[in-house]
Amino acid sequence: MASIELDGPDAPACPLLGLASDPRSHFTYPHPGHRCFAKGRPATTDAERQARYCLSLDFRDCDRYRIWKSGRVRPATQA
């Protein structure tokens, strides 16, 4: 019986991508439940943006990420 390797490296993704109910979790594909936490509160992000930026190493080129990284906006802290 063949085995499947499940303990591989995580796919690249923006650290600001998460789910409304769990900001630290996300799917590895575009999903309508994803939220962007760059502005401190969960904001929707469309599937095209997710594929282009959020779920790739190109997240560093995202306008939302760059503004957050500059320190002009801080994500909300969790209780």
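Please refer to the structure higher up on the page.
If you're wondering where the values come from, they're calculated on a predicted model, not measured in any experiment.

Asker: What's the story with the overall build of the protein chain in this structure? I'm lost.
Answerer: Helix and strand counts for the protein chain come out as two helices and three strands. Moving toward the C terminus, one meets the helices and strands of the protein chain in the order β-β-β-α-α. The burial tally for the protein chain puts 27% of its 79 residues in the buried class. Restricting the contact set of the protein chain to residue pairs at least 6 apart, pairs at least 24 apart contribute 38%. In the structure as shown, the protein chain presents an accessible area of about 5900 Å², 53% of it carried by carbon and sulfur atoms.

Asker: What is the right way to look at the pattern of salt bridges in this model?
Answerer: Should their charged atoms come close, side chains of opposite charge can pair. A full pass over the atoms with the stated rule returns two salt bridges. The partner of Arg52 in a salt bridge is Asp58, with the nearest N and O atoms 2.5 Å apart.

Asker: Would you mind showing me how to read helix α1 (residues 47–54) here?
Answerer: Residues lying three or four places apart along an α-helix face the same way, a consequence of the helix completing one turn every 3.6 residues. Here α1 has its buried residues at Arg49, Gln50 and Cys54. Summarising the axial view, the buried residues of α1 lie within an arc of 100°, below the 170-degree limit, and thus occupy one face. Two to three positions downstream of the cap, the backbone nitrogen of Glu48 sits 3.0 Å from a side-chain oxygen, assigning the N-cap of α1 to Asp46.

Asker: Looking at this model, I keep getting lost on empty space enclosed by the protein. Mind explaining?
Answerer: Over the atoms, a rolling probe the size of a water molecule traces out where space has been left empty. Counting across every chain of the model gives one cavity of 30 Å³ or more. Forming the walls of the largest cavity are Cys14, Leu16, Leu17, Cys36, Ala38, Cys54, Cys62, Arg64 and Tyr65. Taken together, the residues of the lining of the largest cavity break down into eight nonpolar, no polar and one charged.

Asker: Looking at this structure, how should I read the environment of Cys62?
Answerer: Its location among the elements puts Cys62 in the loop between α1 and α2 (63–69). Of the residues examined, Cys62 reaches a relative accessible area of 7% and is grouped as buried. Residues Cys62 and Arg49, spaced 13 residues apart in sequence, show a C-alpha to C-alpha distance of 8.8 Å. Sequence-distant contacts of Cys62, that is, excluding residues within four places in its chain, are made with Arg49 and Tyr53.

Asker: What exactly am I supposed to notice about the sheet that holds strand β3 (residues 43–44) here?
Answerer: Strand pairing within a sheet occurs via backbone hydrogen bonds; the two strands may be parallel or antiparallel. Strands sit in the order β1-β2-β3 across an open sheet of three strands; the sheet is antiparallel. Whereas interior strands pair on both sides, the edge strands pair on one side only; in this sheet they are β1 (17–19) and β3. The pairing of strand β2 (residues 34–36) with β3 spans two bridges and is antiparallel. Residue pairing across strands places Cys36 opposite Ala43, the latter belonging to β3.

Each value, and the rule that gives it
- Residues numbered from 1 in each chain as written.
- Predicted model: local features only at pLDDT ≥ 70, side-chain atom pairs only at ≥ 80, totals over all residues.
- Heavy atoms only, no water.
- Helix = DSSP H or I, 4+ residues; strand = E, 2+ residues; numbered from the N terminus.
- Buried < 20%, exposed > 50% of the residue type's maximum accessible area, 1.4 Å probe, protein only.
- Contact = heavy atoms within 4.5 Å.
- Areas by Shrake-Rupley, 256 points an atom, 1.4 Å probe, with all protein chains shown as cover.
- Salt bridge = Lys/Arg side-chain N within 4 Å of Asp/Glu carboxyl O.
- Arc of directions from axis to C-beta.
- Polar contact = N/O pair within 3.5 Å; in protein donor to acceptor, adjacent residues only side chain to side chain.
- 1 Å grid on protein atoms, 1.4 Å probe; cavity = no way out; pocket = protein on both sides within 12 Å on 5 of 7 lines; lining within 4 Å.
- Points joined across faces, edges and corners; volume = space filled by probe spheres on them.
- Nonpolar A, V, L, I, M, F, W, Y, C, P; charged D, E, K, R; others polar.
- Pairing = 2+ DSSP bridges.

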